[in-house]
Amino acid sequence: MEGSSAEAELSVSASSIRITDLTQDGDILTFAIASQKLNSSVGVCVFRAYEDFDWLQQSLFSQENVPGIQGIIFPPLPPKALPSQSNMQAKTLKQLGFLALGKDWQGYCKALEFYLQQVATHPTLCKCKALDSFLINSESPGKQRGRKGILNRLSQAVEEMRKESHKDVDNFFQNERNKNTNIAALSKVATEKLLDVVMTEQKLALACGHFSTSLHLCVNQDDAAAVAFSKVCLKLSDIIEAVKRNFEKVATNNLTTLGLGLDLESRNQEAEKEMLFRRTCKLIELETVKKSTEKAKANKREVMEAFQKAVEKEFNLISSVGKQEIERFNNSRVNVLKNFLIDWCEQQLNAAKEYAELYSQHLEACRNMYSE
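What counts and how
- Residues numbered from 1 in each chain as written.
- Predicted model: local features only at pLDDT ≥ 70, side-chain atom pairs only at ≥ 80, totals over all residues.
- Heavy atoms only, no water.
- Helix = DSSP H or I, 4+ residues; strand = E, 2+ residues; numbered from the N terminus.
- Contact = heavy atoms within 4.5 Å.
- Areas by Shrake-Rupley, 256 points an atom, 1.4 Å probe, with all protein chains shown as cover.
- Pairing = 2+ DSSP bridges.
- Core = buried A, V, L, I, M, F, W, Y, C linked by side-chain atoms within 4.5 Å.
- Buried < 20%, exposed > 50% of the residue type's maximum accessible area, 1.4 Å probe, protein only.
- Phe/Tyr/Trp six-rings, centres within 6.5 Å; stacked < 30°, edge-to-face > 60°.
- Lys NZ or Arg CZ within 6 Å of the ring centre and 35° of its normal.
- Axes fitted to C-alpha atoms, helices over the stretch in contact; angles between N-to-C directions.
- Salt bridge = Lys/Arg side-chain N within 4 Å of Asp/Glu carboxyl O.

Colleague: So what's going on with the overall build of the protein chain? Which residues, and what values?
Modeller: Counting its regular elements, the protein chain contains 8 helices and 3 strands. Going from N to C terminus, the protein chain has its helices and strands arranged as β-β-β-α-α-α-α-α-α-α-α. Considering only contacts within the protein chain whose residues lie at least 6 apart along the sequence, 73% involve residues at least 24 apart. Carbon and sulfur atoms form 54% of the exposed surface of the protein chain, whose accessible area is close to 20300 Å².

In C-alpha cells form, the structure reads like this:
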C-alpha cells in the first residue's frame, strides 16, 4: 500500500492513513483516523463511527458520472462489528471471523485501516470528493444520507443469481470468473481452517494457564520429600507457563499476519466476484436488447437500434474498465498476500527461536535440580 500518483487527488498522503485509537460506548465503536497533509508535516485526525465508513462506501458506489463505474472492483468494507456480543459467540465469529478475535478490536481496526488505504490508492476512487471529506472534515459525514446508486442495482441483481452461470462472450472474462470461483472457495476454506487453528491455540493456552496455576496447590513444606516434590511442581509450573505464553504468541502471530491476510484475500475475491457479476448482468441486458431490436417493428426499429448502441457502448466501457481493474487487482492482491506471508514467517520464526532458547534454559535448570 505504498503512496502513488493517486495521492494527487487527495489532500492527505494515502500511505500515512492510520487508525490510531478506538473508543467504545456501548454498541458504538469510534475510530480515530490520522493522516498527514501532502507535502507538509501537518497531521490530521478525525473520529468516525462505522456508519461513516458505510456512508463512504455508498458514496463510492453512487458516482453515476464516472464512466464504466460498474467495472470497478470496489475495496471490500468489513462487516459491522457487534461489540455487545462476546467475541466467542458463534454469530460474531461467523460474521467477522478473524476480525472478531484479538485484543481491543486491533484486527478489526487494521482491516478498516487497510480498506481506507485501498480506496485512497485506487486510481479512480481516490478522486471521489467524499473520500477527502471523510479523511479531513471534523464533522461526521454519516449524517448525510448517501444515494444508493449502483448499490440499488446490486440489490436487485442479487435476486437474479441465476445469471451467474450465463456463459460469457469473452474468454478472458469467462476464465476470470472460473478462476475467481475456485480461488474464492479455497480462500474461504483456508481462512476457516486457520481460524480453527488459532482458536485451538487459544484454548490450549487457557488450559496451560489453569494447569500451571493448579500446580501451585501441590506445594507443601511438611518434610524433605514434600519440599523436593514442591520444587518439581514449581519448576513444572514455570515450564507450563512458558508453553502457555508460546501458544499465545503463536496464536497472536497467526491472527495479526496470515489471518488478516487470508481474511482480506477472501473479501477481495468476493469484491471481484461482484464486479464480474455486474458485467454479466449488463451482458444479458445487451443480449436481450439485441433480440428485442431484431423483433421490433419498422416504426420502432430506429429507437431500439439507438438504445442498443447505448447499452453496447456502456457494456464495452464496463468491459474495458474491468480488464484494467482485474490486472491491477491481481497484482495488488498477490503483493499484499505475499507481504502478509513474509511477515507471518518472520514472526513465527522469531517466536520459535525465542522459546527454543527459553525451553533450553528450563531443561538445563531441571538437570541441575536433579544433580543436586
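Colleague: Lay out the pairing of strand β3 (residues 43-49) with the relevant residues and their values.
Modeller: Both faces of the sheet carry side chains from a regular strand, because those side chains alternate between them. Of the strand pairs in this sheet, strand β2 (residues 28-36) and β3 are connected by 7 bridges, and their pairing is antiparallel. The partner of T30 across the bridge, within β3, is A49. Joining the antiparallel neighbours β2 and β3 is a turn of 6 residues, in which N39 adopts a positive phi near 55°.

Colleague: Which residues make up the nonpolar core, and what values do they have?
Modeller: If you look at the biggest cluster of nonpolar residues, it comprises 47 residues, and the most contacted ones within it are F31, I33, F53, L56 and Y108. Listing elements by their share of this core, those giving two or more residues are β1 (18-25), β2, β3, α1 (50-61), α3 (106-120), α4 (129-136), α7 (224-295) and α8 (298-371). No other element matches the 9 residues that α3 contributes to this core. Formed by 10 residues, the second largest nonpolar core is a distinct cluster that contains L101, L255, L258 and L262.

Colleague: Any chance you could break down the packing of aromatic side chains for me, citing the residues and the numbers?
Modeller: The description of two aromatic rings rests on the distance between their centres and on the angle between their planes. One pass over the full model with this rule turns up 8 aromatic pairs. Taking 5.8 Å as the distance between ring centres and 75° as the angle between the ring planes, the aromatic pair formed by W105 and Y108 counts as edge-to-face. Judged by relative accessible area, W105 falls into the buried class, the value being 9%. Judged by its relative accessible area of 1%, Y108 is buried. When the ring of F114 is compared with that of F340, the centres are 6.2 Å apart and the planes differ by 45°; the resulting orientation is tilted. On the criterion of sequence distance, the pair formed by F114 in helix α3 and F340 in helix α8 is long-range, its members being 226 residues apart. For F340, a relative accessible area of 15% puts it in the buried group. Cluster of aromatic residues (ring-pair linked, three or more members): F31, F53, W105, Y108 and F134. The ring of F134 has R48 lying over it, and the distance from NZ or CZ to the ring centre is 5.3 Å. Sitting above the plane of the F173 ring, R279 keeps its charged end 3.7 Å from the centroid.

Colleague: Summarise the sheet that holds β2; cite the residues concerned and give the values.
Modeller: Strand order in the open sheet formed by 3 strands is β1-β2-β3, and the pairing between neighbours is antiparallel. Taken across any chain shown, the strands that pair with only one partner, and hence form the sheet edges, are β1 and β3. Adjacent strand axes in the sheet meet at a mean angle of 20° when their direction is disregarded. The strands touched by α4 within the sheet are β2 and β3, with β3 carrying the most contacts at an inclination of about 100°.

Colleague: An account of the environment of A356 is needed here, citing residue identities and associated values.
Modeller: Structurally, A356 is set in helix α8. Sequence-wise, A356 and N246 are 110 residues apart; in three dimensions their C-alpha atoms are separated by 9.9 Å.

Colleague: So what's going on with the environment of E270? Which residues, and what values?
Modeller: Among the secondary structure elements, E270 is positioned in helix α7. It is 10.0 Å that separates the C-alpha atoms of E270 and A185, two residues lying 85 residues apart in sequence.

Colleague: Lay out the pairing of β1 in plain terms, naming residues and giving numbers.
Modeller: Bridging between β1 and β2 involves 7 bridges; their strand directions are antiparallel. Across the sheet, residue D21 finds its bridge partner in β2, namely A32. Taking the residues between adjacent antiparallel strands as the criterion, β1 and β2 are bridged by 2 residues, where G26 takes a positive phi near 65°.

Colleague: Describe the pattern of salt bridges, listing the residues and the values that go with them.
Modeller: With the rule as written, the count across this model stands at 15 salt bridges. In this structure, E248 and K244 form a salt bridge, with 3.9 Å as the shortest nitrogen-oxygen distance. Separated by 4 residues within a single helix, E248 and K244 lie in helix α7, roughly one turn from each other. We classify E248 as partly exposed; its relative accessible area is 36%. Sharing partners across several salt bridges, the network here consists of D168, R177 and R279.

Purely spatial values, then, with no claim about function.
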